[in-house]
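# Summary of structural features
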Amino acid sequence: METRVVRMDRDNLRKEQFEEAVALLRRGELVAFPTETVYGLGGNALDPAASAKIYAAKGRPSDNPLIVHICDTDALSELAQDIPDGAWELAKRFWPGPMTMILKKKDIVPKETTGGLSTVAIRMPSDPIAAMLIRESGLYIAAPSANASGRPSTTRAEHVYEDLNGRIPMILDGGAVQIGLESTIIDLTGERPLILRPGYITLEDVRKVLPNAAYDPAVLRRKADDTIVAKAPGMKYRHYAPKGQLTVFEGSLENVTKAVRKNAAEKKAEGFRVAILASEETKDAYKGYTVCSVGDREDEAGIAARLFDTLREFDHMGADYIFGECFPTEGVGQAVMNRLMKAAGYHIEQV
Ligand code: TXA
Ligand code: MG
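Everything quoted here is computed from the prediction, not taken from an experiment.

Conventions used here
- Residues numbered from 1 in each chain as written.
- Chains lettered and ligands numbered in written order.
- Predicted model: local features only at pLDDT ≥ 70, side-chain atom pairs only at ≥ 80, totals over all residues.
- Heavy atoms only, no water.
- Axes fitted to C-alpha atoms, helices over the stretch in contact; angles between N-to-C directions.
- Helix = DSSP H or I, 4+ residues; strand = E, 2+ residues; numbered from the N terminus.
- Parallel < 35°, antiparallel > 145°, perpendicular 65-115°, else oblique.
- Left-handed = near helix turned anticlockwise from the far one by under 90°.
- Contact = heavy atoms within 4.5 Å.
- Nonpolar A, V, L, I, M, F, W, Y, C, P; charged D, E, K, R; others polar.
- 1 Å grid on protein atoms, 1.4 Å probe; cavity = no way out; pocket = protein on both sides within 12 Å on 5 of 7 lines; lining within 4 Å.
- Points joined across faces, edges and corners; volume = space filled by probe spheres on them.
- Domains from an automatic or database assignment.
- Pairing = 2+ DSSP bridges.
- Buried < 20%, exposed > 50% of the residue type's maximum accessible area, 1.4 Å probe, protein only.
- Core = buried A, V, L, I, M, F, W, Y, C linked by side-chain atoms within 4.5 Å.
- Buried area = accessible area lost by both parts, 1.4 Å probe.
- Salt bridge = Lys/Arg side-chain N within 4 Å of Asp/Glu carboxyl O.
- Arc of directions from axis to C-beta.

Attention now moves to the packing of helix α1 (residues 19–26) against helix α5 (residues 128–137). Relative orientation of the contacting elements α1 and α5 amounts to 55°, with a least axis distance of 9 Å. Compared by their axis directions, α1 and α5 come out oblique. At the point where α1 passes α5, the crossing takes the right-handed sense. Of the residues in α5, those touching α1 at A21, V22, L25 and R26 are L133, E136 and S137. Its residues assigned to classes, the contact of α1 with α5 shows 4 nonpolar, 1 polar and 2 charged.

Estimates place the volume of the largest pocket at around 630 Å³. Forming the boundary of the largest pocket are 41 residues, of which R60, P65, I67, I185 and R197 lie nearest the centre. When contributions to the lining of the largest pocket are tallied by element, the ones reaching two or more residues are β3 (39–44), β4 (67–69), β7 (119–123), β10 (184–187) and β11 (194–197). Looking at side-chain class alone, the lining of the largest pocket contains 19 nonpolar, 15 polar and 7 charged residues.

Take empty space enclosed by the protein next. Applying the stated rule across the entire model yields 2 cavities of 30 Å³ or more. Of the voids in this model, the second largest cavity is the one considered here, and its volume is about 40 Å³. Every residue lining the second largest cavity is listed: T184, I195, P198, G199, I201, T202, L203, Y215, G331, V332, Q334 and A335. Its residues assigned to classes, the lining of the second largest cavity comprises 7 nonpolar, 5 polar and no charged. Taken domain by domain, the lining of the second largest cavity gets at least three of its residues from each of domain 1 (4–220) and domain 2 (245–350).

Attention now goes to the sheet that holds strand β15 (residues 290–293). Paired through their backbone hydrogen bonds, the strands of a sheet run either parallel or antiparallel. In space, the 5 strands of this open sheet follow the order β15-β14-β16-β13-β17, with parallel pairing throughout. With partners counted over all chains shown, the strands left at the sheet margins are β15 and β17 (348–350), one partner each. Between one strand and the next, the sheet's axes are offset by a mean angle of 25°, whatever the strand orientation. Sitting on the sheet, helix α8 (residues 253–269) is in contact with β13 (245–250), β14 (274–278) and β16 (321–325), with an inclination near 175° to β16. Strands β13, β14, β16 and β17 of the sheet are contacted by helix α10 (residues 333–343), whose axis makes an angle of about 135° with β13.

The step from W95 to P96 runs through a cis peptide bond, and the omega angle for that step is -5°. As for its position among the elements, P96 is in the loop between α4 (85–94) and β6 (99–105). Of note in the backbone geometry, Y346 takes a positive phi value of approximately 60° without being a glycine. Assignment of secondary structure puts Y346 in the loop between α10 and β17. The exposure class of Y346 is buried, given its relative accessible area of 13%.

Moving on, we come to the nonpolar core. Burial of nonpolar side chains together is a common tendency in soluble globular proteins. Counting 48 residues, the largest nonpolar core has L41, L90, W95, M101, I122 and I168 as the members making the most contacts within it. Of all the elements in the fold, those that place two or more residues in this core are β3, α2 (48–58), α3 (75–79), α4, β6, β7, α6 (157–164) and α7 (203–207). The element contributing the most residues to this core is α4, with 4 residues. Contact partners of W95, with chain neighbours within four places excluded, come to I70, L76, L90, M101, I122, R123 and M124. Among the nonpolar cores identified, the runner-up in size contains 29 residues, and L181, L277, M337 and Y346 belong to it.

A word on the domain arrangement of the chain. Here the domain parsing of the chain yields domain 1 (4–220) and domain 2 (245–350). A separation of 29 Å is found between the C-alpha centroids of domain 1 and domain 2. Listed per partner, the contact involves 25 residues of domain 1 and 16 residues of domain 2. For the pair domain 1 and domain 2, the two sides together bury roughly 1,600 Å², of which 52% comes from carbon and sulfur. The largest per-residue losses of area from domain 1 upon contact with domain 2 belong to P152, L181 and P198, which jointly make up 32% of the total buried on that side. Here domain 1 and domain 2 share 5 salt bridges between them.

What follows is about the side chain of N147. Topologically, N147 is positioned in the loop between β8 (141–142) and α6. With residues near it in sequence (within four places) discarded, N147 still touches K58, P152, S153, T154, D163, L164 and R312.

Next up on the list: α6. Turning to α6, its buried residues number three or more, namely A157, H159, V160, D163 and L164. Looking straight down α6, one finds that the buried residues subtend no more than 155° of arc, so they occupy a single side. Lining the buried residues of α6 we find β2 (31–34), β3, α2, β9 (170–173) and α9 (300–317). G166 occupies a position one or two residues after α6 and carries a positive phi of about 90°.

Encoded structure:
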């Protein structure tokens, strides 16, 4: 299959630009598109065959449910039942935007889309290209992140092409996304609202609407500990991983840079290709190595926007071993560290 990349003009979005993508979606085909968080791989959420195509294109295990994207809050009551008041309050405060809610599903949502679960994940994206695609198609669009399963999520159309070329008919290229990490997922089906995946919208933000919200314990996990089972099926898989082995060091910045240098020197001496995940503040401490800086340590949003790009760069370099720093967990930093821990397969050392 040939994959067409269609460049979208963000400053001048017109209906005609969506005609082909809409025709593909209505025919049960897949279209990748930008959202404010990461690129999504979209298909008709109510068509089990389209969901099957999504799993096949990504190489994703079919027990890992998809997020259903909507363009109108009213769609909540079409797709979900027993909706608690808190869900409407969250929708009012955070939609359109980088927030996904887990609710009890209605029968029209096929089990193929929800990975066999009786709950459904729903999000209303704010990116105008995503919003217009959903609106013009007249569909609910199931869309996981548009990466090959296990790889870092895609923040630019080039990344989508790298992973899915030949597997999908179309990519809408809207340039680099704004946020760079996937949406915050909030489970509203239990006694207490639980954040299953941290994102740009933080626990503190959510607590302003739902004061008793908490993290699912799996979110704060810092080591490979199988006794904590993630409630979001996708959070249990090895994910976001570069091809080389990433190890992350946690401790004072001085100890961290020392440990990174020591480990990098050892692997280099053994003849491996070594790369370092650093920040603007520390990059000069690693002279003689291949260094990728994710930005200023205090700029969590900037780090979030560059993290997945940087993880992909390590693959382009052919790095066998990557040694990295931890970053502050203020604001969206919590989500940054959650993705970094997973990318490292919880190879993390306290120094
Ligand atoms: O920002 C985002 O959320 C992006 C863009 C494209 O919207 N989408 C995204 O989808 O990240 P995906 O499929 O890569 O991640 C969805 C996560 C997975 O971890 C999945 O297990 C979880 O949401 N999930 C989906 N439905 C669920 C459900 N019913 N219960 C619990 N977790 C669910
Ligand atoms: Mg994903």
